[in-house]
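Spelled out, the chains give:
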Amino acid sequence: MVDTDLFEAEMAALAQAQAVVATSGLEAGQYRQALEELVQHYHRLMRQTHRLIRHGDRSEAELNAVNAKLQRLSAELDYKARHDNLTGTLNRGAVFDQAQRYLRNVPLSVVILDIDFFKRINDTFGHPTGDAVICELVERLSATLAGRGEIGRVGGEEFTILLPDTALQASVAIAESIRQRIAGQAFSCLPSHRVTASFGVSWNAPGTDFEVAYSHTDAALYRAKSQGRNRVAF
C-alpha cells in the first residue's frame with residue numbers, strides 16, 4: 001500500500017476531487033477550481049513518484065495506480081468544467097472558447113435557438129417537465145445534425161450550434177430542418193402541448209471576434225421572435 005502519511009496532501013486532494021465529481025449541479029467554475037487543485041497535486045505526485053522510484057522506496061506499480069486514478073479524475077473534472085450538467089452539451093464558457101478557436105482559422109456559422117414561451121411550460125407543467133423538454137430537444141438537435149457542428153447550452157432554454165466552415169445558406173437550411181423537427185411532432189414528455197423554437201443564424205469570417213458574431217446572431221433571433229416566433233431569421 002502507498003504510505004498515506006507520505007501522500008497525505010494528495011490523498012486529501014483525491015478525496016476532494018472525487019466528492020466534486022460525484023456532485024451534480026455545481027457551477028463550471030467550481031469544477032475548474034477542483035481541476036486546477038488536482039493538477040497541482042498531480043505535478044507534486046509525479047515529482048515524488050520519480051524520487052521514490054529512483055530510491056526504490058515504493059513499487060512502480062503502486063505509484064502508477066495512484067497516478068492513473070489522478071489522471072482519470074482530472075479528465076472527469078475537465079469534462080464537467082466544460083459541459084452542462086442536465087444535457088451533456090457544451091456549457092456557455094466552453095461554447096465561447098471553442099467558437100473563438102474556430103474563428104482563428106475558418107469561417108463560422110452560428111445558430112442560436114430559444115424555446116418559445118418556455119416559462120409557460122415551467123409554470124404550467126413544472127420544472128421537471130421543463131427539464132425533460134430541454135433534454136428531448138437536445139436529442140432532436142443531435143439527431144438532425146448527425147455529427148455536424150457542436151451544440152452548447154448557453155442559457156436556461158437557449159442553445160447555440162457552432163457550424164465551422166459552413167456557408168450561410170447551408171446553415172439556414174440546417175436551422176430550418178431543426179425547427180421543423182421540433183415543431184412537427186409532439187414531444188413524448190409533453191404530448192398535450194406543442195413545443196416550438198425560434199432561430200437566429202449568422203455567418204462570420206475568420207478573425208471575427210465571437211462576441212461580435214454572437215451579437216449578430218442574437219439580433220437575428222430577436223427578429224425571428226418579433227416576427228411571430230417558430231421561424232428562422234439570419
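Check the entry above for the structure.
Rules behind the numbers
- Residues numbered from 1 in each chain as written.
- Predicted model: local features only at pLDDT ≥ 70, side-chain atom pairs only at ≥ 80, totals over all residues.
- Heavy atoms only, no water.
- Helix = DSSP H or I, 4+ residues; strand = E, 2+ residues; numbered from the N terminus.
- Expected span 1.5 Å × (residues − 1).
- Buried < 20%, exposed > 50% of the residue type's maximum accessible area, 1.4 Å probe, protein only.
- Contact = heavy atoms within 4.5 Å.
- Phe/Tyr/Trp six-rings, centres within 6.5 Å; stacked < 30°, edge-to-face > 60°.
- Lys NZ or Arg CZ within 6 Å of the ring centre and 35° of its normal.
- Polar contact = N/O pair within 3.5 Å; in protein donor to acceptor, adjacent residues only side chain to side chain.
- Pairing = 2+ DSSP bridges.
- Axes fitted to C-alpha atoms, helices over the stretch in contact; angles between N-to-C directions.
- Salt bridge = Lys/Arg side-chain N within 4 Å of Asp/Glu carboxyl O.

Considerations on helix α6 (residues 127-145)
Here comes step 1: For α6, which comprises 19 residues, the first-to-last C-alpha distance of 27 Å matches the rise-based estimate of 27 Å (1.5 Å per residue) to within 8%.
Here comes step 2: For α6, the set of buried residues is T129, G130, V133, I134, E136, L137, V138, R140, L141, T144 and L145.
Here comes step 3: Close packing links the buried residues of α6 with β1 (108-115), α5 (118-125), β2 (150-153), β3 (158-164) and α7 (168-183).
Here comes step 4: Just downstream of α6, A146 is the residue with a positive phi angle, here 50°.

Brief notes about unusual backbone geometry
Here comes step 1: In this model, F117 sits at a positive phi of 50°, which is unusual for a non-glycine residue.
Here comes step 2: Tracing the backbone shows F117 in the loop between β1 and α5.
Here comes step 3: F117 sits in the partly exposed class, given a relative accessible area of 38%.
Here comes step 4: The phi angle at R229 is positive, at roughly 70°, despite the residue not being glycine.

Re the packing of aromatic side chains
Here comes step 1: Considering all chains together, one arrives at three aromatic pairs under this definition.
Here comes step 2: An aromatic cluster is defined as three or more aromatic residues linked by ring pairs; in this entry it consists of F96, F210 and Y214.
Here comes step 3: Across the ring face of F187, the terminal group of R140 is positioned such that the distance to the ring centre comes to 4.0 Å.
Here comes step 4: For R229, the ring lying beneath its charged end belongs to F117, and the centroid distance is 4.4 Å.

A closer look at the side chain of T89
Here comes step 1: Inspection of the secondary structure puts T89 in the loop between α3 (60-82) and α4 (92-103).
Here comes step 2: For T89, a relative accessible area of 7% gives the class buried.
Here comes step 3: A polar contact of 2.8 Å, which involves the side chain of T89, links it to the side chain of T87.
Here comes step 4: Polar contacts involving the side chain of T89 include one to the main-chain amide nitrogen of R153, which spans 3.3 Å.
Here comes step 5: Among residues more than four places away in sequence, those in contact with T89 are R82, H83, D84, V138, I151, G152 and R153.

Points about the sheet that holds β3
Here comes step 1: If you walk across this open sheet you meet the five strands as β2-β3-β1-β4-β5, and the pairing is mixed. Every interior strand has two partners, whereas the edge strands, β2 and β5 (232-233), have only one.
Here comes step 2: As defined by bridge partners, strand β4 (residues 197-204) adjoins β5 across two bridges and the pair is classed as parallel. Counted as the bridge partner of G200 is A233 from β5.
Here comes step 3: Packed onto the sheet, α6 meets β1, β2 and β3 and runs at close to 15° relative to β3.
Here comes step 4: Packing of helix α8 (residues 210-226) onto the sheet brings it into contact with β1, β3, β4 and β5, and relative to β4 it is tilted by some 145°.

Concerning the pattern of salt bridges
Here comes step 1: Taken as a whole, this structure holds five salt bridges when the rule is applied.
Here comes step 2: Between D123 and K119 there is a salt bridge; the shortest N-O distance is 2.7 Å. With D123 and K119 both in helix α5 and four residues apart, this pair spans about one turn of that helix. Accessibility assignment for this pair places D123 and K119 in one class, exposed.
Here comes step 3: Residue R179 is joined to E176 by a salt bridge in which the shortest nitrogen-to-oxygen separation is 2.7 Å. Taken together, the residues R179 and E176, both in helix α7 and three residues apart, mark about one turn of the helix.
Here comes step 4: With a relative accessible area of 24%, E176 lands in the partly exposed category.

From the geometry alone we can't say anything about function, so treat these as descriptive.
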